[in-house]
Amino acid sequence: MTDQQTGAPDSTAVRVALWRAMHVQVDPPPHVFEDETGLRLAAPGDDWRRRPDMDPRATSGFRAAVVARARFIEDLVTEQAGRGVDQYVVLGAGLDTFAQRRPDIASHLRIFEVDQPGPQAWKRRRLIELGYGVPDRLRLVPVDFEAGESWTEQLVAVGFDPDRPAVVVSTGVTMYLTREATAATLRQIASLAPGSTLAMTFLLPPELLDDADRTGLQESENGARASGTPFVSFYTPRDMLALAREAGIPGARHVPGALLAERYFADRTDGLRPSSGEDLLVATT
């Protein structure tokens, strides 16, 4: 998803980056996840915290859900790196900042960020402008998904070793893709080396959400449609597990968003809790 005129990341990618920064700036410690680097990349202007979608109270559940999934992914990557996995693939990378924030782990990995060509060129420029640069261990991989390009072929072309295991993550993407496109992605992941790990988020149908969160989901859906990136796919956990099995990933498991809430927010005294509506599929090939 991209702004076709400028190549800049779309509004959804920017919003995620800003919510991650908001967590550090407005929520009391301990912080579940710390990332203000995405804010630096996005450079939204001095008034960004006055945007309606940055309202500290009204959007707190979404903000918490975004930092919860980010923390889960980072914990997973750290765990797998500790086991010797040294390839990390981010599908639909957007304003991901792992390579800049966590050099302690990133220095032992080859990181492949996959996204549309426009946002990738924009991000490369911003990383250079801000002084981060693009080290050899970070590969920004432009893939035109709409033209049917194979992301696995593009990865191999820039140094990915298909014979070694990898961690592959896809967060905040499946709702924008058809079921067939997600199934194709899962089939490609199933073909990776044994020991590879996948983590993929998916949106639940409205009827599975807590009553208090349905209005927020509808507002998000309306906003996505208005910005030209409508939600097209929702999955029950059973549907997503079946899709993984059909793609050749039999060992997939469902990780409810509620589990992340308990893991990362149970001891907080400020009432911050993730909204319901987004769960994860996690699997090892």
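Computed from a predicted model, the values in this text were never measured in an experiment.

### What about the sheet that holds strand S5 (residues 197–203)?
Working step 1: Strand order in the open sheet formed by seven strands is S3-S2-S1-S4-S5-S7-S6, with mixed pairing between adjacent strands. Each edge of the sheet is formed by a strand with only one pairing partner; in this case those strands are strand S3 (138–142) and strand S6 (253–255). Sheet twist, expressed as the mean angle between neighbouring strand axes with direction ignored, is 20 degrees.
Working step 2: Note that S5 and strand S7 (residues 278–284) share seven bridges and pair antiparallel.

### Some remarks on the confidence of the model for the protein chain
Working step 1: Residues at a pLDDT of 70 or more form 92% of the protein chain, whose mean pLDDT is 91.
Working step 2: Within the protein chain, no element has a lower average pLDDT than helix H9 (residues 211–226), which sits at 65, and none a higher one than strand S4 (residues 167–170), at 98.

### What about the nonpolar core?
Working step 1: Grouped together as the largest cluster of nonpolar side chains are 49 residues, with contacts concentrated most on Phe72, Ile73, Tyr88, Phe98, Ile111, Phe265 and Leu280.
Working step 2: Broken down by element, this core gets its largest block of residues, nine residues, from helix H3 (residues 60–82).

### Thoughts on helix H10 (residues 237–246)
Working step 1: Within H10, burial applies to Pro237, Met240, Leu241, Ala242, Leu243 and Ala244.
Working step 2: Structurally, H10 contributes buried residues whose contacts are with helix H8 (179–190), S5, S6 and S7.
Working step 3: Phi turns positive one or two residues past the end of H10, at glycine 248, with a value near 100 degrees.

### Details of the pairing of S7
Working step 1: Burial runs high along S7: six of the seven residues are buried.
Working step 2: Alignment of S6 against S7, held across three bridges, turns out to be antiparallel. When the bridges of S7 are listed, arginine 253 appears paired with valine 282.

### Considerations on the pattern of salt bridges
Where charged atoms of side chains with opposite charge meet at close range, the side chains can pair.
Working step 1: Taken as a whole and assessed by the stated rule, the structure comprises 19 salt bridges.
Working step 2: For the salt bridge of aspartate 136 with arginine 110, the shortest nitrogen-to-oxygen distance reads 3.7 Å. Here the residue aspartate 136 occupies a position in the loop between helix H6 (117–129) and S3, and arginine 110 occupies one in strand S2 (residues 110–115), the gap between them amounting to 26 residues.
Working step 3: Using a relative accessible area of 54% as the deciding quantity, one classes aspartate 136 as exposed.
Working step 4: A relative accessible area of 28% places arginine 110 in the partly exposed class.
Working step 5: With a closest N to O distance of 3.0 Å, aspartate 136 and arginine 139 form a salt bridge.
Working step 6: For arginine 139, a relative accessible area of 18% corresponds to the buried category.
Working step 7: Several salt bridges share partner residues, and in doing so they unite Arg20, Asp35, Glu74, Arg101, Arg102 and Asp104 into one network.

### Details of the environment of valine 173
Working step 1: In this structure, valine 173 sits in the loop between S4 and H8.
Working step 2: Looking at valine 173, the relative accessible area reads 12%, which means it is buried.
Working step 3: Linking valine 173 and arginine 187, residues 14 residues apart in sequence, is a C-alpha distance of 16 Å.
Working step 4: Aside from chain neighbours lying at most four places away, what touches valine 173 is Leu91, Gly92 and Thr201.

### Section: the side chain of arginine 268
Working step 1: Structurally, the position occupied by arginine 268 is in the loop between helix H11 (257–265) and S7.
Working step 2: A relative accessible area of 15% places arginine 268 in the buried class.
Working step 3: Among the polar contacts made by the side chain of arginine 268, one reaches the main-chain carbonyl oxygen of proline 30 at a distance of 2.5 Å.
Working step 4: For arginine 268, the side chain forms a polar contact with the side chain of aspartate 270, separated by 2.8 Å.
Working step 5: Ignoring sequence-local partners within four residues, the contact set of arginine 268 consists of His23, Asp27, Pro28, Pro30 and Val32.

Rules and cut-offs
- Residues numbered from 1 in each chain as written.
- Predicted model: local features only at pLDDT ≥ 70, side-chain atom pairs only at ≥ 80, totals over all residues.
- Heavy atoms only, no water.
- Pairing = 2+ DSSP bridges.
- Helix = DSSP H or I, 4+ residues; strand = E, 2+ residues; numbered from the N terminus.
- Axes fitted to C-alpha atoms, helices over the stretch in contact; angles between N-to-C directions.
- pLDDT = per-residue confidence, 0-100.
- Core = buried A, V, L, I, M, F, W, Y, C linked by side-chain atoms within 4.5 Å.
- Buried < 20%, exposed > 50% of the residue type's maximum accessible area, 1.4 Å probe, protein only.
- Contact = heavy atoms within 4.5 Å.
- Salt bridge = Lys/Arg side-chain N within 4 Å of Asp/Glu carboxyl O.
- Polar contact = N/O pair within 3.5 Å; in protein donor to acceptor, adjacent residues only side chain to side chain.

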